[in-house]
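What follows is each chain in one-letter form.
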Amino acid sequence: MSSTAQTEKPVSAAPLTAGHQAALAWLETGPKRLLIDGRWVDAVSGKTFTTFDPATEQALVEVAEADSADVDRAVVAARKAYEQPSWTGMSPHARTRLLLKIADVVDQHAEELAVLETIDSGAPIASTRARSVQVAEIFRYYAGWPTKIFGTTNPIDGARFLYMLREPMGVCGLINAWNVPIVMAANKIAPAVACGNTLVLKPAEQAPLSTLRLAELIEQTGMPPGVVNIVPGYGATAGAAIAAHPDIDKVAFTGSTAVGRAILQASTVNMKKVTLELGGKSPNIIFPDADMDLAINAAVSTFCRNSGQICSAGTRLFVHESVVDEVGERVTALAAGYKVGAPFAPDTQLGPLISERQMERVLSYVDAGREGGAKLSLGGSRVGNVGYFVQPTVFAGVSNGMKIAREEIFGPVLSIIGFKDENDAVLQGNDTEYGLAAAVWTRDVSRAHRVARSLKSGRVWINTYAEADPVMSMGGYKQSGYGRELGMESIEAYTQTKSVMMRL
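Residues numbered from 1 in each chain as written. Predicted model: local features only at pLDDT ≥ 70, side-chain atom pairs only at ≥ 80, totals over all residues. Heavy atoms only, no water.

## Brief notes about the sheet that holds strand β6 (residues 160-168)
Pairing within the open sheet is antiparallel, and its 3 strands lie in the order β5-β6-β22. Looking at the sheet topology across the chains shown, the edges are occupied by β5 (152-154) and β22 (495-503). In this sheet, adjacent strand axes meet at a mean angle of 25° when their direction is disregarded. Sheet topology note: the β5/β6 ladder contains 3 bridges and is antiparallel. Across the sheet, the residue bridging to N154 is L162, located in β6. (Pairing = 2+ DSSP bridges. Helix = DSSP H or I, 4+ residues; strand = E, 2+ residues; numbered from the N terminus. Axes fitted to C-alpha atoms, helices over the stretch in contact; angles between N-to-C directions.)

## Observations regarding the confidence of the model for the protein chain
Low pLDDT means the predicted coordinates in that region are not meant to be read closely. Looking at the protein chain as a whole, its pLDDT mean stands at 95, while 97% of the residues score no less than 70. When the criterion is pLDDT under 50, residues 1-13 qualifies, and its contacts beyond four places in sequence or with other chains add up to 43 contacts. (pLDDT = per-residue confidence, 0-100. Contact = heavy atoms within 4.5 Å.)

## Topic: a nonpolar patch on the surface
Judged by side-chain polarity, F161, M502 and L504 come together as a nonpolar surface patch covering roughly 320 Å² of accessible area. Here F161 is to be found in strand β6. (Patch = residues over 30% accessible without salt bridge, like charges linked within 9 Å, V, L, I, M, F, W, Y side chains within 5 Å. Areas by Shrake-Rupley, 256 points an atom, 1.4 Å probe, with all protein chains shown as cover. Salt bridge = Lys/Arg side-chain N within 4 Å of Asp/Glu carboxyl O.)

## Observations regarding the pairing of strand β19 (residues 437-441)
The side chains of a regular strand alternate, residue by residue, between the two faces of the sheet. Of all 5 residues making up β19, 5 are buried, and the element is well covered by its neighbours. Burial of the side chains of β19 extends over both faces: A437, A439 and W441 are buried on one face and A438 and V440 on the other. Of the strand pairs in this sheet, strand β12 (residues 283-286) and β19 are connected by 3 bridges, and their pairing is parallel. In the sheet register, N284 faces β19, and the bridge partner there is A439. Relative to strand β20 (residues 459-462), β19 runs parallel, the two being bridged by 4 bridges. (Buried < 20%, exposed > 50% of the residue type's maximum accessible area, 1.4 Å probe, protein only.)

## Some points on the environment of I310
Within the fold, I310 resides in the loop between α11 (292-304) and β13 (316-320). Along the sequence, I310 and E356 sit 46 residues apart, while their C-alpha atoms lie 18 Å from each other. Apart from the residues lying within four places of it in its own chain, the contact partners of I310 are N179, V180, R305 and F410.

## Remarks on the pattern of salt bridges
According to the stated counting rule, one finds 23 salt bridges in the structure shown. Across the pair R330 and E326 runs a salt bridge whose closest N-O atoms are separated by 4.0 Å. Here R330 and its partner E326 are both found in helix α12 (residues 324-336), 4 residues apart, which amounts to about one turn of the helix. The partly exposed category is assigned to R330, whose relative accessible area is 31%.

## Considerations on the nonpolar core
Among the nonpolar cores identified, the biggest contains 67 residues, and F139, V193 and M223 are the most heavily contacted of them. Here the element with the most residues in this core is helix α7 (residues 181-194); it accounts for 10 residues. The contacts of V193, once residues within four sequence positions are left out, are W87, R95, L99, L199, M223, V227 and V228. In terms of nonpolar packing, the next biggest core, distinct from the first, is built from 32 residues, A290, V327, V394 and I416 among them. (Core = buried A, V, L, I, M, F, W, Y, C linked by side-chain atoms within 4.5 Å.)

In structure tokens:
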């Protein structure tokens, strides 16, 4: 298996693109601050934290460390902006133009944003370039919504007039994970702004840089001060302050199920509305009549994508017992050819994990798989001694009750599990506390729809995996959360309704 890891600074051997040069120049401008009320400011405490390149373990830049005092300042700014007629009374056409400007400025700085995301999170540059395109698409999708957020007139007797208004939530607290930072930022900022809310966003402390740069670009579009506020900091301080703040009307969180529970409990302070996009342990089901080439390629790409740091990754591969050995051998052989290495190398398919802590966590699950009786078919080790690189890892002979099949690993670790028939595949696929995503591979159209209906997941793919579009909502069943992001459902998540009755 190819396993070359990066040990030098994250710079391509070829001449740098203008975007790459711009990203490095931005890093060299000094410590990064908080965005509050349209101004870039230090934390009240004066504290900063260091963000690191996970490929080289080198320090990148100091970032202001927000805590509850800074969250208070940001919420005050967001509330003030929300109450300004210039924002609440803004024409929906003007809001559309503002979102389109953001999309355009993202396109203009796409390479710079991609490079920052790669340096800060370790994702391969080919992947982060695609993310920049996706972010622009998200803002353009939501640019179409301000003119289409309708109320209703409701039937009633002739002596009264009854109608419903759909209004913004108010001040939204947005808390993101570190695995796909800039896309998550767009997923939350775009619908919040489209619906007329103001916001306080906390990017993950492990990878805040692309979000901070995106916020700078948003400020260049004429966004009114205080509408978008960014407060990087730690979850236990800044994140907890957002979750419990009495003047925040809604919280949207992406991250672990354990933290999601804590946010939900904290929200009871003022009964704020909550959207949670949490963990997953997604079943990817291959029937013997599937197009095996497509199914096997997808099975490998989904557990290796972003080095397995994707909550919807198909990390439980269910294969019919008649073909489980053949599929296992082919999956292992294909994954063995995936290149682990320098994120800026054009042929790298797996970059590093986000941190040493995450690497150790993933490797501990490899040990648990061995101890639990699963067969390690591939990988299971760190690559190199600099950077947090881990080999693609495949376990065969896994039972659905094993630890590696029950718990979210968040690394490039695949469990292959056999099943007897359609009912068994559905029963085992649903036998999890999670319900974020799933997939089924078969040429039998009736079976495809039966299984898709039976799987308890917020997203189900048929003969594909991980394809996405802003119009396609995402969210979880069971402990994968509740509420939805993207699509029409996100408009409902960032608005509330008011019924008005008038006696004629």
